[in-house]
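Listed below, chain by chain, are the residues.
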There are 2 protein chains.
Amino acid sequence: MDNFKNISVSVIGSGNVAYSLIPAVINGGYTIDYVVGRNVEALQLISKLNKIPYTTDLNILTSDVIILAISDDAIAPIAQKLKTSPEQLILHTAGSVSLDVLKQYHNYCGVLYPLQTFSKKRIVDYKTVPLCIEGTTDKALETIKQLALSLSENIYKISSSERLSVHTAAVFVSNFTNIMYTMGAKILEENGIDFNILKPLILETAQKVITLHPTEAQTGPALRRDTKTMKLHLNQLDSKTQSLYSLLSNLIQDQFPRNQS
Amino acid sequence: MDNFKNISVSVIGSGNVAYSLIPAVINGGYTIDYVVGRNVEALQLISKLNKIPYTTDLNILTSDVIILAISDDAIAPIAQKLKTSPEQLILHTAGSVSLDVLKQYHNYCGVLYPLQTFSKKRIVDYKTVPLCIEGTTDKALETIKQLALSLSENIYKISSSERLSVHTAAVFVSNFTNIMYTMGAKILEENGIDFNILKPLILETAQKVITLHPTEAQTGPALRRDTKTMKLHLNQLDSKTQSLYSLLSNLIQDQFPRNQS
């Protein structure tokens, strides 16, 4: 068996995904040759934080594994530009981009999709991040699996189409959830109340669905068909937010046809 | 100073709020005289679990404090029916019901609103639950405060109108968030993928806004104006869910006018 830790890695990208992935790869015991990109300021920050070289030149990459942690639209053009040997494994990290997009330019390639929300201001424990992996060949998949296991305890081998479903579901439970937090904060702040008061509720709402299925966890006036309370809430809101409140209350009532509270 | 723990309490109601509140009141060192209601089966369960008597008769309640942990619409009619002495303190636990609803029938009254999502299948650590309190008199407020401090470390003295804002915001961050979890679970389950894969993302999305403001925590294709990915997601969804996805993506773009990712 190969000593996978002798494998060298370069990461293309300097956004939130690259920013979180690079220290995890280093902690996993791998050597990073370069962080690569166009945004020199972002590259310099990552370079400094992780004590690794950076470059803006795609043509000097001789690493065993090259990870494209870049925006979805950039994956095909960058993959096309990469002049690599057949032994170099090319990966992307995107939820919604098929492996086929790499396959048109490289035979030896795969996907390592970290299913998590990353912001530069917040450090995530990578060991808990579900990693969705896919590879063109058994050898590719085995290398990706070893890399993934160095990063996280949570590995899923899934296809490109399954990954797209996962990414779509992730938008609902994370991006759309965060916009609900944003609306809650806005309502409070307009009334001079500290957002902190909502934090235990936010945490419990999330922790609840670790043990209960979301269909068992639903509560609130829409579920109870408590139209009087819903009217009081609507009176508090501007007309745009009223429409949103009504639409989401109807969604709850559609998904929960009978009162289960 | 009175020994508040000698105060006796009766709780009217056998729903999720009463179910969670009663053991917390007992743990706080108070004696519960009765759990009171109409649903004998639910009363018997609470009675058995907490080793307290139950009754369906509102006219036998001589406790120092009577807590109405009942649906919003039931508060006024039950408060009217209660034949109490002026020394008995009457409280309700509702987020959206003004203290005035009790005041029309009782001078000595108040509110103890636990800002949390309660389901019978899930035990909540009451010590972390924010309790919003309000009272008609200084004496009422002092008794409510002592009771609240026995239950939780998180007490907020707020007015009825502030409480309504808090309750409205709570619907967004909890009820509307849980329906997002429900939609995420549905998308995965329609594609044969286990909901477990989303759990680390759900937890991190919540934990993130404990340290970052939700406006700093937003990520995803709508924020990035990544219309290609959004189209791929829309293609996965039925027409009703497509409308929801578009509406919430527009909401994100309204709330975050420029690309901040």
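Scroll up to find the structure this text is about.
Engineer: Could you clarify how one ought to interpret the packing of aromatic side chains in this entry?
Structural biologist: The relation between two aromatic rings is expressed through the spacing of the ring centres and the mutual angle of the planes. Evaluated as defined, the whole model comprises 8 aromatic pairs over all chains. A ring pair is formed by Y245 of chain A and F172 of chain B, whose centres lie 6.1 Å apart and whose planes are at 55°; its orientation type is tilted. On the criterion of chain membership, the pair formed by Y245 of chain A in helix α11 (residues 239-255) and F172 of chain B in helix α6 (residues 160-190) is interchain, its members lying in two chains. No difference in accessibility class separates Y245 of chain A from F172 of chain B, as the two residues are buried. An angle of 15° between the planes, with centres 5.8 Å apart, marks the rings of F118 of chain B and Y126 of chain B as stacked.

Engineer: I tried to follow the interface of chain B and chain A on my own but got confused; where do I start?
Structural biologist: How big an interface is tends to be stated in terms of the accessible area lost upon association of its parts. Counting residues at the interface gives 93 residues for chain B, matched by 93 residues for chain A. Summed over both partners, the interface of chain B with chain A comes to about 8900 Å²; 67% of that surface belongs to carbon and sulfur atoms. Ranking the residues of chain B by area buried against chain A places R122, F172 and I197 of chain B at the top, with a combined share of 8%. Joining chain B to chain A, the criterion identifies 8 salt bridges.

Engineer: Honestly, the relation of the copies chain B and chain A in this entry has me stumped. Any pointers?
Structural biologist: Mapping between the two copies of the chain is achieved by a rotation about an axis and a shift along the axis. Relative to chain A, chain B is turned by 180° and slid 0.0 Å along the rotation axis, the superposed coordinates differing by an RMSD of 0.0 Å. The relationship between the two copies is best expressed as a two-fold rotation axis. Among all C-alpha atoms of chain B, that of T177 of chain B lies closest to the rotation axis, at 2.6 Å. By residue overlap, the copies meet face to face through one surface: 100% of the interface positions of chain B are interface positions in chain A.

Engineer: Teacher, can you tell me more about the sheet that holds strand β3 (residues 54-55) of chain A here?
Structural biologist: Strands pair in a sheet through their backbones, by hydrogen bonds, and they do so in one of two ways: parallel or antiparallel. Residue and element names in this part refer to chain A. The 8 strands are arranged β3-β2-β1-β4-β5-β6-β7-β8 in an open sheet whose pairing can be described as mixed. In the strand order of this sheet, the two ends are held by β3 and β8 (155-157), each with one partner. Contacts from helix α1 (residues 16-27) reach β1 (8-12), β2 (31-36), β4 (65-68) and β6 (109-114) within the one sheet, and its direction differs from that of β2 by about 165°.

Engineer: Quick question: what am I supposed to make of the sheet that holds strand β6 (residues 109-114) of chain B here?
Structural biologist: All names here are of chain B. The strand order across the open sheet formed by 8 strands is β3-β2-β1-β4-β5-β6-β7-β8, and the pairing between neighbours is mixed. Sheet topology places β3 (54-55) and β8 (155-157) at the edges, where each strand pairs with a single neighbour. By the bridge criterion, 5 bridges tie strand β1 (residues 8-12) to strand β2 (residues 31-36) in an arrangement that is parallel. Within β2, the residue paired with V11 across the bridge is V35. Of the strands in this sheet, β5 (89-92), β6 and β7 (131-135) touch α6, which is tilted by about 20° from β6.

Engineer: I'm lost on the environment of I52 of chain A in this one. Help?
Structural biologist: Residue and element names in this part refer to chain A. Checked against the element boundaries, I52 lands in the loop between α2 (40-50) and β3. Residue I52 is classed as buried on the basis of its relative accessible area of 8%. It is 9.6 Å that separates the C-alpha atoms of I52 and I22, two residues lying 30 residues apart in sequence. Not counting chain neighbours up to four residues away, the residues in contact with I52 comprise I22, I26, I32, V35, I46 and S47.

Engineer: Before we go on, may I ask you to explain the pairing of β5 of chain B in this structure?
Structural biologist: It is a general feature of regular strands that their side chains alternate between the two faces of the sheet. All names here are of chain B. Residues L89 and L91 point to one face of β5 and I90 and H92 to the other, with burial holding for every one of them. Tracing the backbone out of strand β4 (residues 65-68), into helix α3 (residues 72-81) and back to the parallel element β5 gives a crossover that is right-handed. Direction of pairing for β5 relative to β6: parallel, over a ladder of 3 bridges. Of the residues in β6, the one forming a bridge with I90 is C109.

Engineer: Would you explain unusual backbone geometry in this entry?
Structural biologist: Residue and element names in this part refer to chain A. You will see that R225, though not glycine, has its phi angle at about 60°, which is positive. With respect to the helices and strands, the residue R225 is situated in the loop between α9 (221-224) and α10 (227-235). Residue R225 is classed as partly exposed on the basis of its relative accessible area, which comes to 31%.

Engineer: Help me understand the pattern of salt bridges, please; the structure alone is not making it clear to me.
Structural biologist: Should the charged atoms of two oppositely charged side chains come close, the side chains can pair. Residue and element names in this part refer to chain B. With the rule as written, the count across this model stands at 14 salt bridges over all chains. Two residues, K103 and D100, come together in a salt bridge whose shortest N-O distance is 3.6 Å. Within this pair, K103 and its partner D100 are both found in helix α4 (residues 100-103), separated by 3 residues, close to a single helical turn. We classify K103 as partly exposed; its relative accessible area is 42%.

About the criteria used
Residues numbered from 1 in each chain as written. Chains lettered and ligands numbered in written order. Predicted model: local features only at pLDDT ≥ 70, side-chain atom pairs only at ≥ 80, totals over all residues. Heavy atoms only, no water. Phe/Tyr/Trp six-rings, centres within 6.5 Å; stacked < 30°, edge-to-face > 60°. Helix = DSSP H or I, 4+ residues; strand = E, 2+ residues; numbered from the N terminus. Buried < 20%, exposed > 50% of the residue type's maximum accessible area, 1.4 Å probe, protein only. Contact = heavy atoms within 4.5 Å. Buried area = accessible area lost by both parts, 1.4 Å probe. Salt bridge = Lys/Arg side-chain N within 4 Å of Asp/Glu carboxyl O. Least-squares fit on C-alpha atoms with pLDDT ≥ 70 in both. Pairing = 2+ DSSP bridges. Axes fitted to C-alpha atoms, helices over the stretch in contact; angles between N-to-C directions. Right-handed = clockwise from strand over helix to strand, strands pointing away.

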